[in-house]
Amino acid sequence: MPMKEAVSKYVKSGDLLFISGAQHGAPAAAVAEIIRQKIDHLGVITCLTNTNSLIGEGLVDRLITGYNMFNEKRSYALQKARENNKFPVVEESSHYGISLMLYAGYMGIPFMPTRSLVGADMAVYNSDNIKSIECPFTHTQIGLVRAVVPDIGIIHVQRADADGNAQKWGTLGIDLEGINASRKIIVTTEEIVDSEVIRRDPNRTIVPGFRVSAVVEQPFGAYPSHLAGCYGDGPMVFGTMMGGKEAYEANLQETVYGVKDWNEYLENLKKQHGADFFDKLRLKNPAMSEPVTSGYELIGGNE
Amino acid sequence: MTQDDKKSYSANIQMVVSAAREIKDNDTVYVGVGLPMQAALLAKNSHAPNCVIVIENGIVRSNLFPIPAATDTLGSQAFADQLSGLFHVMSLGQAGHLNTGFLGAGQIDRFGNLNDTCVGDYRNPIHRWPGSGGGNDVMSWCSRTIVILEQDKRRFLEKVDFITCPGYLDGKPGRREEIGLRPNTGPAAVITNLGVYGFEDREMVLKSVHTDIGVTLEKIKEETSWDLKISPDLKDTEPPNGEELQIYHEKIEWVMAARARMRGQMPPPGPQQGKA
């Protein structure tokens, strides 16, 4: 499905959005499309992913986070949101807290106990989501975080089949729990492969196709982040997070408003930096893993 | 020591070296990016070759790797022992399998509570740091947590403005266990550009002063906002030795400089707890 259609069909104003890719393969192309379509009043839950443009464009009402660049003096995106009275309500936790909130959602239970967060002031200021109770078994205190079930989760992966069986490898951050907790799921993928490729290595599938609403083939869909086995960081990987007004607006023009889609942006990068720009980001001397025996030929055939 | 020798290292290198010395061979160490990562790699390249390094995105590795520029990089992923996710590595920690944690901080108080969140009132802060990241988690369950930060009077406070990572809370015995933190855990050492601190009866105690780079006890007291406990056994910090300096220059400084040159820019500011 084209990105434009996947985003307009499945990301709705008011949704709680999970963005995958904790510094590894964030779905940048999909996020750019959300901004292009100005889908607003979003809640966002993520970990170490750049949410600055979403916030700066005034699309985020609520941010569930463990770590975010909050220094307004150094972030034009935050200044812009503040100016336009669109600064999100922030619900702060820790990284493990975020992971456990999503894990509880993934498991279909209302909360998750933890030894994190009990001694922290996040529990004081985010008391709707972080609590402490006496454990009914040990009769000692234990912390709790409330489950989060995102309305829509977006993950970018190295490969998926047309049914949405999606395979990601390398570090997974909070991808497994976040994407599986989500009600609707958009998979964006470097390439759509034959189901046969998926089924020869099914352990690598992070979310099964039956859970997935849309599959979008988008090469360099995580640029400028790196993606294991595919490409390294682009030159501006952190550049736009702390820039001033000009850098911020120029980046948005380049990636969102001045182009019809991500592919046009990628083409423009090639025009600016040379036709081999993306080839240079591809891994040099990639190391292959040993093949793993997984399936076998069934009597009566594999079909 | 001659003047020239003194110029061969900075307070920054002393911090990294002192922190590295806190890592023992066979430790399993949770490491954040920045100075903690430099310290862990220095240790692994010298006296602690068997330490296991755990990074929050899901990386577990017992082998060496180039100093990474951010929390997650292809270089720190490649040839790891295990790649998984944050839930897995943090669950290892919560269950008590990570014995050492390494954190930066924005503020610290006499009982080792850390603030990585805000200066002033949380609802109307004078300054905002990015927040906990994995810092709260590490401090909640690692057997010993080592904290690295620049010391000045505004960072070394009687009481932090906001507890992001719990130290020994109000300093009373048993407080950590009482509220549900893992027993026998908490801050164990604090390393600054001025000195090295330990904890006795849950309170920070000055153990050594970086006298070799010109720091005095008076300076340390000046840059501390409470009546600091001084160890009766107070020492001069042992300066970096030749091997430590060589490893620092070759494995850390050189790699970071080469990378910055290659990219035509400074290394990206990766998340680092509490760095303004």
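Calculation criteria
- Here the residue numbers are simple positions, counted from 1 along each chain's written sequence.
- Starting at A for chains and at 1 for ligands, labels are handed out in the order in which the entities are written.
- Since the coordinates come from a predicted model, pLDDT governs what is reported: local features require at least 70, and pairs of side-chain atoms require 80 or more to be given and counted, while whole-chain, interface and lining totals use all residues.
- Derived side-chain values reflect all non-hydrogen atoms in the structure, with water molecules and hydrogen atoms excluded from consideration.
- Helix and strand definitions here come from DSSP, where helices need a minimum of 4 consecutive H or I residues and strands a minimum of 2 consecutive E residues; each element is numbered from the N-terminal end.
- Classification of residues uses two cut-offs on accessible area relative to the type maximum, computed with a 1.4 Å probe and protein chains only: under 20% is buried, over 50% is exposed, and between them is partly exposed.
- Whether two residues are in contact is decided by their heavy atoms, any of which lying within 4.5 Å being enough.
- Pairing between strands requires that DSSP locate at least two bridges from one strand to the other.
- Convention adopted: a line fitted to C-alpha atoms gives each axis, helices being fitted over their contacting stretch, and angles between N-to-C directions are expressed from 0 to 180 degrees.
- What makes a crossing left-handed is the near helix being turned counterclockwise from the far one by less than a right angle; a clockwise turn instead makes it right-handed.
- Pairing of aromatic side chains requires ring centres within 6.5 Å, counting the rings of Phe and Tyr and the six-membered ring of Trp. Pairs whose planes differ by under 30 degrees are stacked, by over 60 edge-to-face, and all others tilted.
- A quick way to say it: buried area is the sum, across both parts, of accessible area lost when two parts are put together, with a 1.4 Å probe.
- Here a salt bridge means any side-chain nitrogen of Lys or Arg lying within 4 Å of a carboxyl oxygen belonging to Asp or Glu.
- Pairs of N or O atoms are called polar contacts if they sit within 3.5 Å, as long as, within protein, a hydrogen donor faces a hydrogen acceptor (for residues adjacent in sequence, only side-chain-to-side-chain pairs).
- Amino acids outside the nonpolar list (Ala, Val, Leu, Ile, Met, Phe, Trp, Tyr, Cys, Pro) and the charged list (Asp, Glu, Lys, Arg) are all regarded as polar, and Gly is one of them.
- The length a helix should cover is 1.5 Å for every residue beyond the first.
- As used here, the arc is the angular range of directions from the helix axis to the C-beta atoms.
- Per-residue confidence from the prediction method is given by pLDDT, with values spanning 0 to 100.

Overview of the environment of A40 of chain B
Residue and element names in this part refer to chain B.
Thinking step 1. With respect to the secondary-structure elements, A40 resides in helix 3 (residues 35-45).
Thinking step 2. Residue class for A40 comes out buried when judged on its relative accessible area of 0%.
Thinking step 3. With 32 residues separating them in the primary sequence, A40 and D72 have C-alpha atoms 16 Å apart.
Thinking step 4. If we ignore the near neighbours within four places in the chain, the residues touching A40 are I23, V31 and I53.

Comments concerning the sheet that holds strand 7 (residues 141-146) of chain A
Residue and element names in this part refer to chain A.
Thinking step 1. A sheet is described by the order of its strands in space; here three strands give the open sequence 5-7-6, paired in antiparallel fashion. Unpaired on one side and paired on the other, strand 5 (111-114) and strand 6 (130-134) mark the two borders of the sheet. Within the sheet, the average angular offset between the axes of one strand and its neighbour, ignoring direction, is 35°.
Thinking step 2. Relative to strand 7, strand 5 is paired through four bridges, and the arrangement is antiparallel. Note on strand 7: the bridge partner recorded for M112 is V145.
Thinking step 3. Strands strand 5 and strand 7 of the sheet are contacted by helix 5 (residues 95-107), whose axis makes an angle of about 140° with strand 5.

So, the packing of helix 1 (residues 3-10) of chain A against helix 2 (residues 28-36) of chain A
All names here are of chain A.
Thinking step 1. Look at helix 1 against helix 2: their axes get within 10 Å of each other, and the N-to-C directions meet at 65°. Where helix 1 crosses over helix 2, the handedness of that crossing is right-handed. Along its contact with helix 1, which presents M3, K4 and V7, the element helix 2 presents A29, A30, E33, I34 and R36.

Examining unusual backbone geometry
Thinking step 1. For the bond from Y223 of chain A to P224 of chain A, the omega torsion is 5°, close enough to zero to count as cis.
Thinking step 2. When you line up the elements, P224 of chain A lands in the loop between strand 12 (214-217) and helix 9 (245-257).
Thinking step 3. Of note, L48 of chain A is a non-glycine position whose phi angle comes to about 65°, a positive value.
Thinking step 4. Looking at the secondary structure, you find L48 of chain A in the loop between strand 2 (42-45) and helix 3 (52-56).
Thinking step 5. A relative accessible area of 13% means that L48 of chain A is categorised as buried.
Thinking step 6. We note that L169 of chain B has phi near 55°; this positive angle belongs to a residue other than glycine.
Thinking step 7. For L169 of chain B, the location among the structural elements is in the loop between strand 11 (156-157) and helix 7 (175-179).
Thinking step 8. Given the relative accessible area of 14%, L169 of chain B is considered buried.

Brief notes about the packing of aromatic side chains
Residues and elements named next belong to chain A.
Thinking step 1. The full count for this structure, using the stated rule, is 18 aromatic pairs over all chains.
Thinking step 2. Ring plane angle 55° and centroid distance 6.3 Å describe the contact between Y223 and Y265, whose orientation is recorded as tilted. With Y223 in the loop between strand 12 and helix 9 and Y265 in helix 10 (residues 262-273), this pair connects stretches of sequence that are 42 residues apart. Across this residue pair, the class does not change: Y223 and Y265 are buried.
Thinking step 3. Where Y223 meets F277, the ring centres are 6.0 Å apart and the plane angle is 70°; that geometry is what we call edge-to-face. With Y223 in the loop between strand 12 and helix 9 and F277 in helix 11 (residues 277-281), the pair connects residues that are 54 residues apart, well separated along the chain.
Thinking step 4. Judged by relative accessible area, which is 3%, Y223 ranks as buried.

Points about the interface of chain A and chain B
Thinking step 1. Listed per partner, the contact involves 52 residues of chain A and 53 residues of chain B.
Thinking step 2. Taking both partners together, chain A and chain B bury about 4000 Å²; carbon and sulfur atoms supply 57% of that area.
Thinking step 3. Per-residue buried area on chain A facing chain B is highest for Y96, R115 and Y125 of chain A; these three make up 18% of the total on that side.
Thinking step 4. Applying the counting rule to chain A against chain B returns one salt bridge.
Thinking step 5. A salt bridge links R128 of chain B to E92 of chain A; its shortest N-O distance comes to 2.8 Å.
Thinking step 6. Applying the counting criterion to the chain A and chain B interface returns 28 residue pairs in polar contact (both at pLDDT 80 or more).
Thinking step 7. Taken together, the elements giving at least two residues each to the side of chain A that touches chain B come down to helix 5 and helix 6 (122-125) of chain A.
Thinking step 8. For the side of chain A that touches chain B, the element with the highest residue contribution is helix 5 of chain A, accounting for six residues.
Thinking step 9. Among the residues making up the side of chain A that touches chain B, the classes are represented as 24 nonpolar, 21 polar and seven charged.

Thoughts on helix 9 of chain A
Residue and element names in this part refer to chain A.
Thinking step 1. Under the 1.5 Å per step criterion, the end-to-end length of helix 9 is only 16 Å for 13 residues, more than 12% shorter than the ideal 18 Å.
Thinking step 2. Turning to helix 9, its buried residues number three or more, namely Y248, N251, L252, T255 and V256. When helix 9 is viewed along its axis, its buried side chains cluster within an angular range of 100° and face the same direction.
Thinking step 3. Buried residues along helix 9 sit in contact with helix 2, helix 3, helix 4 (76-83) and helix 10.

Description of the pairing of strand 15 (residues 229-236) of chain B
Thinking step 1. Pairing geometry for strand 14 (residues 203-209) of chain B and strand 15 of chain B, over four bridges, is parallel. What sits directly across from V205 of chain B, in strand 15 of chain B, is K229 of chain B.

Quick notes on the confidence of the model for chain B
Residue and element names in this part refer to chain B.
Thinking step 1. For chain B, per-residue confidence averages 92 on the pLDDT scale, and residues scoring 70 or more make up 92% of the total.
Thinking step 2. This stretch, residues 266-276, has a pLDDT under 50; its non-local contacts, to residues over four places away or in other chains, come to 42 contacts.
Thinking step 3. Complex prediction metrics read pTM 0.94 and ipTM 0.96.

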